[in-house]
Amino acid sequence: MVDEALSAGAVARRLGVAVTTLRTWHQRYGLGPSEHIPGHHRRYTPTDLARLEIMRRLTAEGVSPAEAARWARQAPDPTPNGAGTVAPARIHPTGRDGGGSIPVGRAGPAARGLARAAMRLDAAAISETIAHALAASGVVATWEGLLRPVLAGIGERHAATAGLIEVEHLVSRCVSEALAAASRANVPTGPARILLSCADEEQHTLPLEALAAALAEAGVSYRMLGARVPVAALVEAVNRTGPAAVVLWSHTRATADPTQLSALLAAPRRPLLVLAAGPGWRADTLPAGVVRPVDLAEAVSLSAAVRDSLDQSRRD
């Protein structure tokens, strides 16, 4: 972050948005330049830029501009003594539900209800909502339409406010318990053809748990290795079990080392399919032969297809 005030053009380049977008945010939502020198155009201070970064980040995740602007305006001056390196802005919650709301984009009323229960730290209501959705709509629809929007909203509000850690932990536990129950209720028969693993040092397991529950629901057996699996241990598991497909999950760029995928492709018992799942992976860094599923449904479909292909070839 720079100390000097910036022009609209410089801010637009830093944020990756058009100057006209900045003007719209200024005119409609009051997120404009605050430094005014007589005879010169107004310029954006580091505080202005920090709040615009919150605005850009939230709108990029599907939060409405009005809601995103509300959070950006609520953020206090994020710079020590008004200048210098920006520290995380903190919004102190008030009220029974923890203050404000969790943005869920265009998700439906069930997601909004789950978000309200999360803000109240109402574990019973959270678990009941998830269980009802799983029973009524299945794992994939529940993940995409209910759980992912709420989890993303919690993450975005945490990024903007440095708060909601207690909400994230409670919701994550409830989601994990519900997905585990769904997996136990649909235990597939036959050998485990799919191996699920987080990348080395990757600790975000909920999407992988959702995939496990969706595979069980589809009748596809799997093995789950879980979080933070070193590449040597992953290759050893592949060589010992001979899976038809391996799904390697990475949530962040920091854990998405493509050499982990290359090691799988070079394993003595190389799987028929290697899936690089999660937003951490960049398509232009993936080794040839690795598939990057676009969503949970595609990951389930690809895993089931390669399982069926292997079973058919062994029957033939």
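Right above here is the structure, for reference.
About the thresholds
Residues numbered from 1 in each chain as written. Predicted model: local features only at pLDDT ≥ 70, side-chain atom pairs only at ≥ 80, totals over all residues. Heavy atoms only, no water. Phe/Tyr/Trp six-rings, centres within 6.5 Å; stacked < 30°, edge-to-face > 60°. Lys NZ or Arg CZ within 6 Å of the ring centre and 35° of its normal. Pairing = 2+ DSSP bridges. Helix = DSSP H or I, 4+ residues; strand = E, 2+ residues; numbered from the N terminus. Right-handed = clockwise from strand over helix to strand, strands pointing away. Buried < 20%, exposed > 50% of the residue type's maximum accessible area, 1.4 Å probe, protein only. Lys, Arg positive; Asp, Glu negative; His and termini not counted. Salt bridge = Lys/Arg side-chain N within 4 Å of Asp/Glu carboxyl O. Polar contact = N/O pair within 3.5 Å; in protein donor to acceptor, adjacent residues only side chain to side chain. Contact = heavy atoms within 4.5 Å. Expected span 1.5 Å × (residues − 1). Axes fitted to C-alpha atoms, helices over the stretch in contact; angles between N-to-C directions. Core = buried A, V, L, I, M, F, W, Y, C linked by side-chain atoms within 4.5 Å.

Draft legend 1. Seen up close, the packing of aromatic side chains. Inspection of the entire model under this criterion finds 0 aromatic pairs. Its guanidinium or amino end placed over the ring of Trp71, Arg70 lies 5.1 Å from that ring's centre, counting from NZ or CZ.

Draft legend 2. Just the pairing of strand β2 (residues 222–226), in detail. Across 4 bridges, strand β1 (residues 194–198) lies against β2 in parallel orientation. Bridge pairing in β2 links Leu196 to Met224. In this region the chain leaves β1, passes through helix α9 (residues 206–217) and returns to the parallel neighbour β2; the handedness of that crossover is right-handed.

Draft legend 3. Layout of unusual backbone geometry. A positive phi angle is found at Leu164, which is not glycine, with a value near 70 degrees. Looking at the element boundaries, Leu164 is found in the loop between α7 (139–161) and α8 (165–185). Residue Leu164 is classed as buried on the basis of its relative accessible area, which comes to 7%.

Draft legend 4. Broad picture of the side chain of Glu209. In this structure, Glu209 sits in helix α9. One buried charged side chain, Glu209, makes no salt bridge at all; its nearest oppositely charged neighbour is Arg184, positioned 9.4 Å away. Of note is the side chain of Glu209, whose polar atom sits 2.6 Å from the side chain of Thr205. Not counting residues within four places of it along the chain, the set of residues in contact with Glu209 comprises Ser176, Leu179 and Met224.

Draft legend 5. Inspection of helix α3 (residues 46–60) at higher detail. Compared with the 21 Å implied by 1.5 Å per residue over 15 residues, the 21 Å span of α3 between its first and last C-alpha is a close match. Those residues of α3 lying buried are Pro46, Thr47, Asp48, Leu49, Ala50, Leu52, Ile54, Met55 and Leu58. Buried positions along α3 lie against α1 (8–15), α2 (19–29), α4 (65–74) and α7.

Draft legend 6. Highlighting the sheet that holds strand β3 (residues 245–249). A sheet is described by the order of its strands in space; here 5 strands give the open sequence β2-β1-β3-β4-β5, paired in parallel fashion. Strands at the two margins of the open sheet, each flanked by one partner only, are β2 and β5 (290–291). For β1 and β3, the ladder comprises 5 bridges, and the chain directions are parallel. When the sheet's bridge partners are listed, Ile194 is paired in β3 with Ala245. Contacts from helix α11 (residues 258–265) reach β3, β4 (273–277) and β5, with the element oriented near 165 degrees to β4.

Draft legend 7. The environment of Val246, seen in detail. With respect to the element layout, Val246 can be found in strand β3. Judged by its relative accessible area of 0%, Val246 falls in the buried class. Separated by 24 residues in the primary sequence, Val246 and Tyr222 place their C-alpha atoms 9.7 Å from one another. Aside from chain neighbours lying at most four places away, what touches Val246 is Leu195, Leu234, Val238, Leu264, Pro271, Leu273, Val274 and Leu275.

Draft legend 8. Structural detail: the pairing of β4. Most of β4 is tucked away: 5 of the 5 residues are buried. Residues of β4 alternate between two faces, with Leu273, Leu275 and Ala277 on one and Val274 and Ala276 on the opposite face, all of them buried. Pairing of β3 with β4 involves 5 bridges; the strand directions are parallel. Paired with Leu248 across the two strands is Ala276, which belongs to β4. For the handedness criterion, the β-α-β arrangement of β3, α11 and β4 is classed as right-handed.

Draft legend 9. Here's a closer look at the pattern of salt bridges. The full count for this structure, using the stated rule, is 6 salt bridges. Close ionic contact of Glu67 with Arg70 constitutes a salt bridge, the shortest N to O distance being 2.9 Å. One end of the pair, Glu67, and the other, Arg70, are both in helix α4, 3 residues apart, so they sit about a helical turn from each other. Judged by relative accessible area, which is 17%, Glu67 ranks as buried. Two residues, Glu177 and Arg173, come together in a salt bridge whose shortest N-O distance is 3.0 Å.

Draft legend 10. Here's a closer look at the nonpolar core. Core analysis: the biggest nonpolar cluster contains 54 residues, and Ile126, Ile130 and Leu211 have the highest contact counts within it. Setting aside residues up to four positions removed in sequence, Ile130 forms contacts with Leu114, Leu146, Leu147, Cys174, Val175 and Ala178. In this structure, Ile54, Met55, Ala68 and Trp71 belong to the second largest nonpolar core, which totals 21 residues.

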